[in-house]
Every structure is written in structure tokens, then in C-alpha cells.
Amino acid sequence: DAGITQSPRHKVTETGTPVTLRCHQTENHRYMYWYRQDPGHGLRLIHYSYGVKDTDKGEVSDGYSVSRSKTEDFLLTLESATSSQTSVYFCAISDVLEVNEQFFGPGTRLTVL
Amino acid sequence: AQKVTQAQTEISVVEKEDVTLDCVYETRDTTYYLFWYKQPPSGELVFLIRRNSFDEQNEISGRYSWNFQKSTSSFNFTITASQVVDSAVYFCALSEAEGTYKYIFGTGTRLKVLA
């Protein structure tokens, strides 16, 4: 199994508070991604990174920011959490040599009250 | 724009029945990748198969088989002799072959296999 961990695995927070989710990999893969999973929508891309300090927006990036200061860590921040951001968040990694296959972390379940 | 459609929201079958999960995709790219992932009740995403757009050969892996047809933009997944352990949500995904390798996921099909 690819070495991907996400922390925390579960979090309950209140509307308006900042939240940071962490994705950590031990595979030295270049690409990292944050998705959210919601019923009826499948997985949707929030942000992605194609290298240290190189990030870009996905299809549902509003309300989220990311940072990648090291190859192994990709942080997702909700500056001011809203109830619509209650979701399961997955991190994924991929490397060109893997012919585009993405490996997924275990997910973080976030509840915003 | 790229799009993946999994029209079957939920399917229920009795154990040992065969079941096919449909996936239809849209893309303007001539080179792309298609994937299937399984999400069991425990929640993790398990990679099942990758297929590139130049390889239209069907693939079989045990009880699983995949039918890729570019003419109909479909990449269907069949489970033969289904088992209770096959109960999960199955996602089809499409990816560009260059650049950032972003995935577009379908909305998933929940398969329930009844004993």
C-alpha cells in the first residue's frame, strides 16, 4: 500500500472556525490532490499540487486554500468553516512513472456544526 | 469538457448473480486513461483497474472483467458470480494523459449483494 496518511481522521468543528487537514506521503510522489466526497456527487477535486509550492485550483476550490512547503506534506485549510463543507476529504498522490494512477489516503470525515 | 456518467445509482443482486456496472465518458482528448475504484463500507478507495485509450482489449481478473468500447465511449465493469464481499460503491474515473493528471469521477454506483 502507498504510504499516505491523513490527519485528523475525524473532526467536528463549529461554523466560522479555521480548520487544517494534513496529508502526508512517504512515496516522494510529485503530484498531490485534495478531493471531497459528497452523496450524489462522487469525488470532486478541490486543489492539487504538481510540486513544492506549485498548486492550482480544482472544480470546487471556493472556501479552501492549500499549501505545500515540502514534497511529503499537502495541507488543506478551511479559513472559516461552513456547514456546506461538511464532507469526507480524501488526499491522493500520483507520479508520472505510475502511469497516472492515483493512490488515495484513508479520508478525513469533517463535520461543521 | 470531460464528464463521467454512472447512471445506475444503486443495484441490488442476489449472491452468485452476474452484474454489470455502466460507465459512459466524454472527452475531447485522444489520449486519456480510465479507471475503476471500489469503496467498501470501511470507506477507503481501492484501485481496481487502469485502461489507456489506445488499449481496447477487454480485461479479466478473476471474477472481474472490463469492457472498453471507444465507439460508444463506455467502460463497463462486470462482476461474475457476485459475492457479499463485493458490496461497495464503485467509481469510474477519467483522467487526462498529460499535464496534471486530474481525475474526473462519476457519481458512483452502490452495489448491494444479498445473501
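Each remark here, short or long, concerns the structure printed above.
Residues numbered from 1 in each chain as written. Chains lettered and ligands numbered in written order. Predicted model: local features only at pLDDT ≥ 70, side-chain atom pairs only at ≥ 80, totals over all residues. Heavy atoms only, no water.

Draft legend 1. Spatial organisation of the overall build of chain B. Looking only at helices and strands, one finds zero helices and 12 strands in chain B. Moving toward the C terminus, one meets the helices and strands of chain B in the order β-β-β-β-β-β-β-β-β-β-β-β. Taken against the 2.2 N^0.38 rule, which gives 13 Å for 115 residues, the C-alpha radius of gyration of chain B at 14 Å falls within 12% of a compact globule. By principal-axis analysis of the C-alpha atoms, chain B measures approximately 45 × 25 × 20 Å. (Helix = DSSP H or I, 4+ residues; strand = E, 2+ residues; numbered from the N terminus. Rg over C-alpha atoms; globule rule 2.2 N^0.38 Å.)

Draft legend 2. Structural view of the pattern of salt bridges. Under the definition given, this model contains nine salt bridges over all chains. We note a salt bridge from Lys112(B) to Glu10(B), for which the minimum N-O separation is 3.4 Å. With Lys112(B) in strand β12 (residues 109-114) and Glu10(B) in strand β2 (residues 10-14), this residue pair connects regions lying 102 residues apart in the sequence. Here Lys112(B) falls in the partly exposed class, since its relative accessible area comes to 37%. The network of salt bridges with shared partners includes Arg22(A), Lys70(A) and Asp73(A). (Salt bridge = Lys/Arg side-chain N within 4 Å of Asp/Glu carboxyl O. Buried < 20%, exposed > 50% of the residue type's maximum accessible area, 1.4 Å probe, protein only.)

Draft legend 3. Spatial organisation of the pairing of strand β7 (residues 64-70) of chain A. As judged from the five bridges shared by β7(A) and strand β8 (residues 73-78) of chain A, these two strands associate in the antiparallel manner. Looking at the pairing, Tyr64(A) lines up with Leu78(A) of β8(A). (Pairing = 2+ DSSP bridges.)

Draft legend 4. A look at the layout of surface pockets. By volume, the largest pocket is sized at about 730 Å³. If you go around the largest pocket, you meet 35 residues; those closest to its centre are Gln37(A), Arg109(A), Gln39(B), Val89(B) and Arg110(B). Within the residue set of the lining of the largest pocket, elements represented by two or more residues are β4 (31-38), β9 (87-94) and β11 (108-112) of chain A together with β10 (88-96) and β12 of chain B. When its residues are assigned to classes, the lining of the largest pocket shows 11 nonpolar, 18 polar and six charged. (1 Å grid on protein atoms, 1.4 Å probe; cavity = no way out; pocket = protein on both sides within 12 Å on 5 of 7 lines; lining within 4 Å. Points joined across faces, edges and corners; volume = space filled by probe spheres on them. Nonpolar A, V, L, I, M, F, W, Y, C, P; charged D, E, K, R; others polar.)

Draft legend 5. Summary view of the packing of aromatic side chains. Scanning all chains against the criterion turns up 24 aromatic pairs over all chains. Centroid distance Tyr35(A) to Phe105(B): 5.6 Å. Interplanar angle 90 degrees. Geometry classified as edge-to-face. A residue pair is termed interchain when its members come from two chains, as with Tyr35(A) in strand β4 and Phe105(B) in strand β11 (residues 103-105). Just as Tyr35(A) is buried, Phe105(B) falls in that class too. A connected cluster of aromatic rings, assembled from ring pairs, spans Tyr33(A), Tyr35(A), Tyr48(A), Tyr50(A), Phe104(A), Tyr33(B), Phe35(B), Tyr37(B), Phe47(B), Phe91(B), Tyr103(B) and Phe105(B). (Phe/Tyr/Trp six-rings, centres within 6.5 Å; stacked < 30°, edge-to-face > 60°.)

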